[in-house]
Amino acid sequence: MKHKAMGFTLVELLVTLALVGIAASVVLPLASVIETRAKEAELRRSLRTIRQALDNYKTAVDAGVIDKQTEASGFPASLEELVTGVPRSTAMGFSATPMIFLRSVPRDPFAEDKETAATSTWNIRSYGAKPGDFSGGKDVFDVSSKSEKTAMDGSFYSNW
């Protein structure tokens, strides 16, 4: 009685390796797309969070909850001010406890240097600047990504 040899033939191994290679070539680009989509969603969330904090700051100034300097726009001087807080107006009888608008400034997920402070990962547009002019200024009216990359929808992240 002859025993059949146990194991795989060379052809079976080559076919298996070819199938694994094809599967890997399909999965790797898909993983890149998933990572990009996650970063885009994080960028949208971060922009929404910062812009909401800026709007809340302006609303507090307009309501008199925060004192405003003469000739000031009513927007914070820096993103750090949203985190460190500003004193409440004593004229309206509020306590001296600072009013804080953000726990921390979110990082731009597309910022290349991970050592850069989160506040430095954003372009800053001041009040009165032309749309698209993110050259900074004396206050923070809006923020945008510093990334020059193109989004999956064809737009630039810096235009979001």
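Our structure is the block above this text.
Now for a quick tour of the structure.

The rules behind the values
Residues numbered from 1 in each chain as written. Predicted model: local features only at pLDDT ≥ 70, side-chain atom pairs only at ≥ 80, totals over all residues. Heavy atoms only, no water. Helix = DSSP H or I, 4+ residues; strand = E, 2+ residues; numbered from the N terminus. Rg over C-alpha atoms; globule rule 2.2 N^0.38 Å. Buried < 20%, exposed > 50% of the residue type's maximum accessible area, 1.4 Å probe, protein only. Contact = heavy atoms within 4.5 Å. Polar contact = N/O pair within 3.5 Å; in protein donor to acceptor, adjacent residues only side chain to side chain.

Let us look at the overall build of the chain. Helices and strands together make up the secondary structure of the chain, namely two helices and three strands. Reading the chain from its N end, one meets helices and strands in the order α-α-β-β-β. Its C-alpha radius of gyration of 26 Å places the chain more than 25% over the 15 Å reference for a compact globule of 160 residues. The 160 residues of the chain split such that 31% are buried. A separation of at least 24 residues holds for 46% of the contacts in the chain among residues at least 6 apart in sequence.

Looking at where Ser73 falls in the secondary structure, it is placed in the loop between α1 (10-62) and α2 (80-84). When the C-alpha atoms of Ser73 and Gly128 are compared, they prove to be 8.6 Å apart, with 55 residues separating the residues in sequence. Setting aside its immediate chain neighbours within four residues, Ser73 contacts Lys58, Tyr127 and Asp139. Engagement of the side chain of Ser73 in a polar contact is seen with the backbone nitrogen of Phe75, the distance being 3.2 Å.

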